[in-house]
Amino acid sequence: MRILIANDDGYLAPGLAALVRACEGLGDIKVIAPEQNASGTSNSLSLHRPLSVHQAYNGFFVVNGTPSDCVHLALTAPLFEGWRPQLVLSGINNGANLGDDTIYSGTVAAATEAYLFDIPAVAFSQADRDWHELDAAGLTVRSLLDELLAQPLGPAFLLNVNIPNRPDAPSLPRVLTRLGRRHANAASFAQRNPRGDLVYWIGPPGEARLEDEGTDFQAVAQGKVSITPLQVDLTHHAALPEWTRRLQRGGA
C-alpha cells in the first residue's frame, strides 16, 4: 500500500508525527506538508508565485505553500517519479473540523485535493486543541485504517473524521454523521497596531447547533468519533426545478 500523508499545521506539528506513527507497517509512506501553519487556507492553490520543496531532517518533504499545494505537487510534479499513492491521509489536525468549518479547513482540503484526482482520502482531526491525548487519537486512526484496508478500497472516497481528546478514544463509538451548522459568526473587530494603523481580526466562530440530530457536532459532543462522507458537488439539486421555473425565458 502506497500512502501519502499531509496536513495543514506544518511539517513540525505533533499531529503529523502521530499520524505517521499510526501508519507504521501499512506500506510505503511518503510525507509532504506545509513549511508553516496553513490552517484556514481551504482549497487554495498558489498560482501567482513559484513553490519550493525541500526534504527536512525527518525525511518529510516541505512546501512553502498550502496543504492543497502539497498534495497537488505530490501528484503532478516530478517529486516521486513512478510513485502514485493509493490512499491519502491528512492530519491529525490541532482542533476539530466540523460542520461549516470544513469549508475553510486546510486539513480537509489536502484530502479533497487527492479526491479530485480519484484517490481515496481521509482527513483526521482532534476535537479540542493543544494535542492532549494525541497517542489515543493515533490508536483510533490506526484502528479505523485497519478496518478500511481489510477490504479493497474501491472507488475514490472522501472521509472527514473527528476524534474526541480522550484516553479511551480508541474504544469510543464510531458513528456516521452529516455536517452540522453553526450559528452566526461573532463580529470582526478593529485594533490599532504598534504603528497606529487600523487592523482587523476575524471574530471567533459561532456556537454549534448541538440540537440538530445526526450531525458531526452532536456526535463529538456526545463523546463519539464522527465519520462524515464528503463530496465536492456543491449543486443544490433540490432547487434546480424552482430555478428552472424562475429563470425560464418567456415561458418557454
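Structure: above.
Keep in mind that this is a model prediction, so the values were computed, not measured.

Lay out the packing of aromatic side chains with the relevant residues and their values.
How two aromatic rings sit relative to each other is given by the distance of their centres and the angle of their planes. Evaluation of the coordinates by the stated rule reveals 2 aromatic pairs. Ring centres 5.0 Å apart and planes at 85 degrees place the aromatic pair phenylalanine 61 and phenylalanine 80 in the edge-to-face group. Residue phenylalanine 61 is located in strand E4 (residues 61–63), and its partner phenylalanine 80 is located in the loop between helix H2 (67–76) and strand E5 (87–93); the two are separated by 19 residues in the primary sequence. Per residue, the accessibility class of phenylalanine 61 equals that of phenylalanine 80, and both read buried. Considering the side-chain rings of phenylalanine 80 and tryptophan 83, the 5.7 Å spacing of their centres and the 75 degrees angle between planes classify their relative orientation as edge-to-face. Summarising the burial analysis for this pair, phenylalanine 80 and tryptophan 83 share the class buried.

How would you summarise the pattern of salt bridges if you had to cite specific residues and measurements?
One pass over the structure, following the stated rule, counts 7 salt bridges. Residue arginine 182 is joined to aspartate 101 by a salt bridge in which the shortest nitrogen-to-oxygen separation is 2.8 Å. Separated by 81 residues along the polypeptide, arginine 182 in the loop between strand E8 (174–176) and strand E9 (189–192) and aspartate 101 in the loop between E5 and helix H3 (106–116) bring together distant segments of the chain. Residue class for arginine 182 comes out buried when judged on its relative accessible area of 19%.

Please set out the packing of H2 against H3 residue by residue, giving values where relevant.
One can describe the packing of H2 onto H3 by two numbers: an axis separation of 8 Å at closest approach and a directional angle of 25 degrees. Compared by their axis directions, H2 and H3 come out roughly parallel. For the pair H2 and H3, the crossing hand works out as right-handed. From H2, Pro67, Ser68, Val71, His72 and Leu75 reach across to H3, where they touch Gly106, Ala109, Ala110, Glu113 and Ala114. Each residue belonging to the contact of H2 with H3 can be placed in one class, and the counts come to 6 nonpolar, 3 polar and 1 charged.

I'd like a rundown of the pairing of strand E1 (residues 2–6), residues and numbers included.
By the criterion of burial, E1 is predominantly enclosed, with 4 of the 5 residues buried. By the bridge criterion, 4 bridges tie E1 to strand E2 (residues 28–34) in an arrangement that is parallel. Across the sheet, residue arginine 2 finds its bridge partner in E2, namely aspartate 28. Examined bridge by bridge, E1 and E5 share 4 bridges and lie parallel to one another. Of the residues in E5, the one forming a bridge with alanine 6 is serine 90.

Hey, could you go over the pairing of strand E6 (residues 121–126) for me, with residue numbers and the actual values?
Where burial is concerned, most of E6 is hidden: 6 out of the 6 residues are buried. Side chains of E6 alternate between two faces, with Ala121, Ala123 and Ser125 and Val122, Phe124 and Gln126 buried alike. In the sheet, E5 pairs with E6 via 4 bridges, with the strands oriented parallel. When the bridges of E6 are listed, valine 88 appears paired with alanine 121. You can see the chain leave E5, run along H3 and come back into E6, and the turn it takes is right-handed. Looking at chain direction, E6 and strand E7 (residues 158–163) are connected through 6 bridges and run parallel. Each bridged residue has a counterpart across the sheet, and for serine 125 the counterpart in E7 is asparagine 162. Chirality of the crossover, the property in question, places the unit of E6, helix H4 (residues 134–149) and E7 among those that are left-handed.

Go over the nonpolar core with me, naming the residues and quoting the values.
The biggest cluster of nonpolar side chains holds 38 residues, and the ones touching the most others in it are Ile5, Leu89, Phe124 and Leu145. At the level of secondary structure, the elements contributing two or more residues to this core comprise E1, helix H1 (14–22), E2, E5, E6, H4, E7 and strand E11 (225–229). No other element matches the 7 residues that H4 contributes to this core. Those residues in contact with phenylalanine 124 that lie beyond four places of it in its chain are Leu19, Leu89, Ser90, Gly91, Ile92, Asn93, Thr107, Val141, Leu144, Leu145, Val161 and Ile163. Among the nonpolar cores identified, the runner-up in size contains 22 residues, and Ala6, Val63, Ala74 and Trp83 belong to it.

Cut-offs applied
Residues numbered from 1 in each chain as written. Predicted model: local features only at pLDDT ≥ 70, side-chain atom pairs only at ≥ 80, totals over all residues. Heavy atoms only, no water. Phe/Tyr/Trp six-rings, centres within 6.5 Å; stacked < 30°, edge-to-face > 60°. Helix = DSSP H or I, 4+ residues; strand = E, 2+ residues; numbered from the N terminus. Buried < 20%, exposed > 50% of the residue type's maximum accessible area, 1.4 Å probe, protein only. Salt bridge = Lys/Arg side-chain N within 4 Å of Asp/Glu carboxyl O. Axes fitted to C-alpha atoms, helices over the stretch in contact; angles between N-to-C directions. Parallel < 35°, antiparallel > 145°, perpendicular 65-115°, else oblique. Left-handed = near helix turned anticlockwise from the far one by under 90°. Contact = heavy atoms within 4.5 Å. Nonpolar A, V, L, I, M, F, W, Y, C, P; charged D, E, K, R; others polar. Pairing = 2+ DSSP bridges. Right-handed = clockwise from strand over helix to strand, strands pointing away. Core = buried A, V, L, I, M, F, W, Y, C linked by side-chain atoms within 4.5 Å.

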